[in-house]
Amino acid sequence: MTYVLPEKLKDLNPYDPVTEDFRIHLDANESFCEVPENIRQEILNAVSNIAFNRYPDPYARKLCEKAGAYYHVDPKLLTAGNGSDELISLVVPYFLDEGDTMLVAVPDFSMYWFYAPFHKIKVESLQKENSMKTSAEEILQRAKEKNAKLLIFSNPCNPTSLGIGRDDIIEIIEGTDALVIVDEAYMEFENESNSVLNEVENYDNLIVLKTCSKAFGMAAIRLGIAVTNEKLTGILHAIKAPYNVNSVTQAIGCVLFSHPEYLTSCIDALKASRDELYQAVKAMEDKKTEIETVYETSTNFIFMKVKRAKEVFEALKQRGISIRFMNGYLRVTAGTKAENKEVMVQLMNQGNRSSLLQAWIDDGDTSLPPEKIQVPFMLTPPVAKIGANSGQQV
């Protein structure tokens, strides 16, 4: 007797993050901010007090209280997850029936549709124009045409780095009966007045996702949070695994959210690095014909269309620098000042440097303000291929 795999698993490829050992990692939109010693000590103390022989709090109540206070949201509306990925993996199969349709606007974070084929959920995509922008009207029209029961998108968007205004998000929520999931993983880098976090109690079809992996520099602990109305929160609590967030993550998360001033300093430092990198790339845009478009950024990374993108990507890998390649586009995470400069030097190796960029590269100061930083440490192609291993990104 031989076990035969189900058809849906036969051609499945695993998620493929960057695992090679590079000198400079600017591929996963991680933070370069290191936890300061005083907070690190608080974390060690919190972890030392864990009852390791006991299961964790299934609802992460203390953590949700701390996070709720930080986000100014009632803690009873929060569901903690093992990263936002876990929360996405719950919503897609459980909030849709077999044969239902979900709508995504591509390019966007590929894990949104990764789980759909396993549950016979149809995925419709709205392809963004070269501007990488879309509108509430376009999204609502396509959702109506396809009878979509779920709309999901990141705002600001990974990988395009562009955001959608709050009024447009509200128009989408109010203009459909479908469930709308707004992933605000990068909202801390945007004008936070565009967030719809404070609207979750006003709508019965809105879920907002938050993460600790980007602006807060805690990718290692895998902590995501879903914020929604009380009814949908109860459903999320019912369908998630009983002990989905381990005690170590809960303890660290409680310490993290107890230091809003530290989180603000991280956000400020990352935005300063992002702005500096963006200005340097823009200064290079007119001087190097290979760079066709540098998109405005509301995230902690730069997204650009490059003629020889694959060649540039491979050249940087050879020099120990990891960024993201996406079918003619490059995505570069904002790093420390020294990391940003090295990336720019490598990008400029094949062309003439502008005087502005040259002055920036030649500046001997390679550190960001010490009070901000202690220093080091997703992927959809522009035309999305729906299914497993379709250019997943973080």
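The residue numbering used here restarts from 1 in each chain and proceeds along that chain's sequence as written. Only residues with pLDDT of 70 or above have their local features reported here, since the model is predicted, and side-chain atom pairs are shown and tallied only from 80 upward, although totals for entire chains, interfaces and linings are computed over all residues. Where side-chain values are given, they derive from all heavy atoms of the structure, hydrogens and water being excluded.

### Thoughts on the state of the cysteines
Covalently bonding the sulfur atom of one cysteine to the sulfur atom of another cysteine gives a disulfide.
(1) Moving on: Cysteine sulfur atoms that come within 2.5 Å of each other are treated as a disulfide pair. Scanning the model with the defined rule gives zero disulfides in all.
(2) Moving on: With no disulfide of its own, C254 has C64 as its nearest cysteine by sulfur position, at a separation of 8.9 Å.
(3) Moving on: For C254, a relative accessible area of 15% puts it in the buried group. Working definition: with a 1.4 Å probe on protein chains only, accessible area under 20% of the residue-type maximum means buried, over 50% means exposed, and in between means partly exposed.

### Regarding the packing of helix α10 (residues 260-285) against helix α12 (residues 337-348)
Helix-helix packing is characterised by the crossing angle of the two axes and by the distance between the axes.
(1) Moving on: Lines fitted to C-alpha atoms define the axes here, with helix axes fitted over just the stretch in contact, and angles between the N-to-C directions of these axes take values from 0 to 180 degrees. A run of H or I in DSSP counts as a helix once it spans at least four residues, and a run of E counts as a strand once it spans at least two, with each numbered from the N terminus. In the contact formed by α10 and α12, the axes pass within 10 Å of each other and the chain directions differ by 15°. Here α10 lies roughly parallel to α12, going by the angle between them. For the pair α10 and α12, the sense of crossing is right-handed. Two secondary-structure elements touch here, α10 through S273, E276, L277, A280, V281 and M284 and α12 through K337, N340, M344, L347 and M348.
(2) Moving on: Side-chain classes are defined by residue name, with Ala, Val, Leu, Ile, Met, Phe, Trp, Tyr, Cys and Pro counting as nonpolar, Asp, Glu, Lys and Arg as charged, and the others, Gly among them, as polar. In terms of residue class, the contact of α10 with α12 is built from seven nonpolar, two polar and two charged. Here is the rule for angles: anything less than 35 degrees is roughly parallel, anything more than 145 is roughly antiparallel, 65 through 115 is roughly perpendicular, and the remaining ranges are oblique. Left-handed describes a crossing in which the near helix is turned anticlockwise from the far one by less than a right angle; the clockwise case is right-handed. Note on contacts: a residue pair is in contact if any heavy atoms of the two residues lie within 4.5 Å.

### Quick look at the pairing of strand β2 (residues 78-81)
Successive residues of a regular strand alternate their side chains across the two faces of the sheet.
(1) Moving on: The alternating pattern of β2 places L78 and A80 and T79 and G81 on opposite faces, both of which are buried.
(2) Moving on: When DSSP finds at least two bridges between two strands, those strands are taken to pair. Judged from the four bridges that link them, β2 and strand β8 (residues 224-228) form a sheet pairing that is antiparallel. In the strand pairing of β8, G81 is matched with G224.

### Some details on the sheet that holds β8
(1) Moving on: Spatially, seven strands are ordered β2-β8-β7-β6-β5-β3-β4 in an open sheet, and the strand pairing comes out mixed. Since the sheet does not close on itself, it has two edges, and those belong to β2 and β4 (122-127), each with one partner. On average, each strand axis in the sheet is inclined to that of its neighbour by 20°, with strand direction left out of account.
(2) Moving on: As judged from the two bridges shared by strand β3 (residues 101-106) and strand β5 (residues 150-154), these two strands associate in the parallel manner. Residue pairing across strands places M102 opposite L150, the latter belonging to β5.

### Quick word on the sheet that holds strand β13 (residues 329-333)
(1) Moving on: Strand order in the open sheet formed by four strands is β9-β10-β13-β12, with antiparallel pairing between adjacent strands. Whereas interior strands pair on both sides, the edge strands pair on one side only; in this sheet they are β9 (291-294) and β12 (324-326). Averaged over all pairs of adjacent strands, the angle between strand axes in this sheet comes to 25°, irrespective of strand direction.
(2) Moving on: Sheet topology places β12 next to β13; three bridges connect them, and they run antiparallel. Pairing of F325 across the sheet is with L330, part of β13.

### So, the packing of helix α2 (residues 37-48) against helix α9 (residues 247-257)
(1) Moving on: Between α2 and α9, the least distance of the axes is 9 Å, while the angle of their chain directions is 140°. The handedness of the crossing between α2 and α9 comes out as right-handed. Contacts from I39, E42, I43, A46 and V47 in α2 reach V248, A251, I252 and V255 in α9.

### Things to note about the confidence of the model for the chain
(1) Moving on: For every residue, the predictor reports its confidence as pLDDT, a number between 0 and 100. Per-residue pLDDT for the chain averages 89, and the proportion of residues at 70 or more is 88%.
(2) Moving on: When the criterion is pLDDT under 50, residues 350-356 qualifies, and its contacts beyond four places in sequence or with other chains add up to 13 contacts.

### Topic: the pattern of salt bridges
(1) Moving on: Definition used for salt bridges: Asp or Glu carboxyl oxygen within 4 Å of a side-chain nitrogen of Lys or Arg. Here the structure, examined in full by the defined rule, presents 17 salt bridges.
(2) Moving on: Here E342 makes a salt bridge to R23, at a shortest N to O gap of 2.6 Å. Here R23 lies in the loop between α1 (7-10) and β1 (24-25) and E342 lies in helix α12, a separation of 319 residues in the sequence.

### A word on the side chain of T333
(1) Moving on: Residue position: T333 is located in strand β13.
(2) Moving on: Judged by relative accessible area, which is 2%, T333 ranks as buried.
(3) Moving on: Under the rule applied, a polar contact is a pair of N or O atoms within 3.5 Å (in protein, one hydrogen donor and one hydrogen acceptor; residues adjacent in sequence only if both atoms are side-chain atoms). Within the structure, the side chain of T333 is placed 2.9 Å from the side chain of N29, a separation counted as a polar contact.
(4) Moving on: Residues contacting T333, with those up to four places away along its chain left out, are L26, D27, A28, N29, E30, L277, N300, F301 and N340.

### Some points on the environment of Q250
(1) Moving on: Within the secondary structure layout, Q250 lies in helix α9.
(2) Moving on: In this structure Q250 comes out as buried when scored by relative accessible area, which is 9%.
(3) Moving on: Q250 sits 170 residues away from A80 along the chain, and the two C-alpha atoms are 9.0 Å apart.
(4) Moving on: Every residue in contact with Q250, bar those within four places of it in the chain, is listed here: P56, D57, A60, L63 and V245.
(5) Moving on: At 3.0 Å, the side chain of Q250 and the backbone oxygen of D57 are in polar contact.

### What to know about unusual backbone geometry
(1) Moving on: In this chain, V106 is followed by P107 through a cis amide linkage whose omega measures 5°.
(2) Moving on: Of note, the bond from N155 into P156 is cis; its omega dihedral lies within 30 degrees of zero at -5°.
(3) Moving on: Looking at where P156 falls in the secondary structure, it is placed in the loop between β5 and α7 (166-174).
(4) Moving on: For H72, which is not a glycine, the phi torsion comes out positive at approximately 60°.
(5) Moving on: On the basis of relative accessibility, which here comes to 73%, the residue H72 falls in the exposed class.
(6) Moving on: The phi torsion at R222 lies on the positive side, around 50°, for a residue other than glycine.

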